[in-house]
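If you want the building blocks of each chain, they are given just below.
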Amino acid sequence: MSSLNHCIKFELDIKDENIVFKDYFYKSIKLQKHKIYEAELIQPACPFCGSLDLLHNGHLIANIRYPTANASLPVIIRLAKQRVKCRDCDHWSMAQSELVNKYCSISNVSKLKVLSALTEDRSMTSIARENNVSINTVQRVLGNCSHRFIDSYEYLPAHLAFDEFKGVDRQLHFICLDGDSHQVVQILRTRYKKTLLKYFGRFSPQARANVKTVTMDLNFYYQDIVRACFPNAQIVIDRFHMIQMLTRSFNSLRVQVMKTFDKRSRQYQLLKSPWKLYLKKFDELEKAHPRYNWHYKDCLTQAQVVMEGINTSTTLENSYNLMQSFIQAVETGNTHELKSLINCQDQIGTLMHKTLLTFKHNLTAVLNGAALPYSNGCLEGFNRKIKQIERTAFGYSNFINLLTRIRLEENQYKEKEPNSLLMTA
C-alpha cells in the first residue's frame, strides 16, 4: 500500500503528506471513461489548539477534479476527509489540504492551469474542454482576477500614447500606452472628455508634470485634455494619421477626376485600374521594365502610368506632387519643408485643402510628429491584439471580463497575496 501511495503521488505530483492513496479504478461517467483515485485526507492535529488527542467521526467524501496530460481520460480524486473532535478543546474540525479549497471540488492545480491558459489567445470553451471543467469554472477564474490589477496614481511615464478601440457593444473605449516600454497604462470604459479629465486628475501634480510628450491622432478634445492635465507635455500628432488623411484626400480627388472621362477612354483606365500605384511613393515605382496591361492596351512602366494619369488634370498633378513631397518631408523630419507645404497656395483638391487647413490649425503638433521619434505604432499594434482577443471569444458583453482578458494575455496582472487567487476561486 505504501509503494502504491508513493507511485500515485509521484504520478500526480502531489506532495501533501496527509493524503494517503489506497486504490484506483476506471469508471464511465456520462459516457466518458474516467480514472478515479481513492484517497484519504488525515487530520493529524487539532487546528485550534494543536492537540493530538482526537476523536474520529467518519469522513466527508469529495470528488476532486484533477488535471491530466490526457484530456480524453479525466482524472477524479475521490478524497475522504476525516472529521474529528478534539478531546482537549471540544472543537469539531475537518481535514483540509492545499490540494483543494474548502467547499470546492476543483483542485487548485486545475485553477492554475486554467489561469495559465487564459493568458493565451484561446476561447473559454477550448480551455474548459482541455481541463475537464465547465465553462462557468473558467469564467469564475477569470472573474477572480478582475480586482487584482493594482493602479498607482503616483507615477506616469514620460511619453504617453492616446487612442481608442471598439469593444463591448461596439462602443469606443479609451486606451493609453507607455511610449517607451509599450506597456498598458490604463484602459477606460469610455473616451469622454469628462471621464479622462477625472481619471488623470487623480494623479499627483508631480506625476503629471513628468509627462513630456503625448502622441495621438487628430482627435480635437485629446489636445484639451493634455493642456489641462500635463503642463510640461508636448502634443505629437501621429505620422501615420497625417499621411493617411492626405492620401485619402488625394484618392478622393483621383476618383472625381476619373469620373469626368468616358469609361472606355484611356484616361479613365489609367486612373482606375492601377489606383494602388498612385498611393505608393514615387521612388518605389518601377521605372525600367515596362509591362503590358490589357486595360489601356499599352506597355508602360509603373512610373509612366502614374505620370500619364496625373497629367490628365492640373489639380490632380499638383495634389500628387504635394502628397509625395509631404511624405518625404515627414520621413526625413524636415519641418521647414513641411511648414511650407502646409501653407501651399497651389491649385489642389477641395478635400486636400481642408486637410492642409487642419494641419495648419494643429501646426505645432504636426511639426512635433515629424521631428520627434514617437508615434502611435505601438498602440495600433496593441489594438490589433485586442481585436484578435475579441474575435477568438466571439465578442464580449462585459467590459470587466474584456479588460481582465487583455491584462492576462499581456501578463500585466498582479496578485495582492500569493495565494489569493486560489483562496477565492
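Along every chain, residues carry numbers that run from 1 in the direction the sequence is written. The model is predicted, so local features are restricted to residues of pLDDT at least 70 and side-chain atom pairs to those at 80 or more, both for listing and for counting; the totals for chains, interfaces and linings are taken over all residues. Side-chain measures here rest on the full set of heavy atoms in the structure, leaving out hydrogens and waters.

- The name recorded for the protein chain in an unreviewed UniProt entry is Transposase, from Lactobacillus helveticus.

Structural notes on the pairing of strand 4 (residues 75-86)
Inference 1: Within strand 4, nine of the 12 residues are buried, which leaves it mostly tucked inside the rest of the structure.
Inference 2: Note that strand 2 (residues 32-41) and strand 4 share seven bridges and pair parallel. Across the sheet, A39 pairs through a bridge with L79, a residue of strand 4.
Inference 3: Where strand 4 lies against strand 5 (residues 92-94), three bridges are found, and the strand directions are antiparallel. Burial here depends on accessible area, computed with a 1.4 Å probe over protein chains only, as a share of the maximum for the residue type. Under 20% is buried, over 50% is exposed, and the range in between is partly exposed. Under the DSSP-based scheme used, a helix requires at least four consecutive residues in state H or I and a strand at least two consecutive residues in state E, with every element numbered from the N terminus. Strand pairing is assigned whenever DSSP detects at least two bridges linking the two strands.

Some details on the sheet that holds strand 10 (residues 234-237)
Inference 1: Read from one edge to the other, the open sheet built from five strands follows the order 8-7-6-9-10, with strand pairing classed as mixed. Edge positions in the open sheet fall to strand 8 (184-188) and strand 10, since each of these has one partner strand only. Neighbour-to-neighbour, the strand axes of this sheet turn through a mean angle of 20 degrees, independent of strand direction.
Inference 2: Where strand 6 (residues 159-166) and strand 9 (residues 213-216) come together, three bridges link them in parallel fashion. Bridge pairing in strand 9 links A161 to T215. To get an axis, fit a line to the C-alpha atoms, keeping to the stretch in contact for a helix; angles then go from 0 to 180 degrees between the N-to-C directions.

Describing helix 1 (residues 2-12)
Inference 1: Restricting attention to buried positions, one finds in helix 1 the residues N5, I8, K9 and L12. Around the axis of helix 1, the buried residues are gathered within 100 degrees of arc, so they sit on the same side. In helix 1, the exposed residues that point more than 90 degrees away from the buried face are S3, H6, C7, F10 and E11.
Inference 2: Any pair of residues with heavy atoms lying within 4.5 Å of one another is described as a contacting pair. In this structure, the buried side of helix 1 is in contact with strand 1 (19-29), strand 2, strand 3 (54-66) and strand 4.
Inference 3: Following helix 1 by one or two positions, D13 has its phi on the positive side, about 60 degrees. Directions drawn from the helix axis to the C-beta atoms are what define this arc.

Overview of the environment of I389
Inference 1: The topology assignment puts I389 in helix 16 (residues 377-392).
Inference 2: Under the relative-accessibility criterion, I389 is labelled buried at 6%.
Inference 3: For the pair I389 and E120, spaced 269 residues apart in the sequence, the C-alpha separation amounts to 9.2 Å.
Inference 4: The contact partners of I389, leaving out residues within four places of it in the chain, are D121, Y396, R405, I406 and E409.

Examining the nonpolar core
Inference 1: As used in this record, nonpolar core signifies buried Ala, Val, Leu, Ile, Met, Phe, Trp, Tyr and Cys residues forming a set joined through side-chain atoms within 4.5 Å. Counting residues in each nonpolar core, the largest one holds 61 residues, and the members touching the most others are F162, F200, V214, F230 and F326.
Inference 2: Counting residues per element, this core draws most heavily on helix 12 (residues 314-332), at eight residues.
Inference 3: Membership of the second largest hydrophobic core comes to 32 residues, among which are V114, I127, C145 and L408.

Brief notes about helix 8 (residues 239-258)
Inference 1: Here, expected helix span is obtained from the residue count minus one, scaled by 1.5 Å. End to end, helix 8 covers 29 Å across 20 residues, agreeing with the expected 28 Å (1.5 Å per residue, within 8%).
Inference 2: Among all positions of helix 8, only H241, M242, L246, T247, S249, F250, N251, L253, R254, V257 and M258 are buried.

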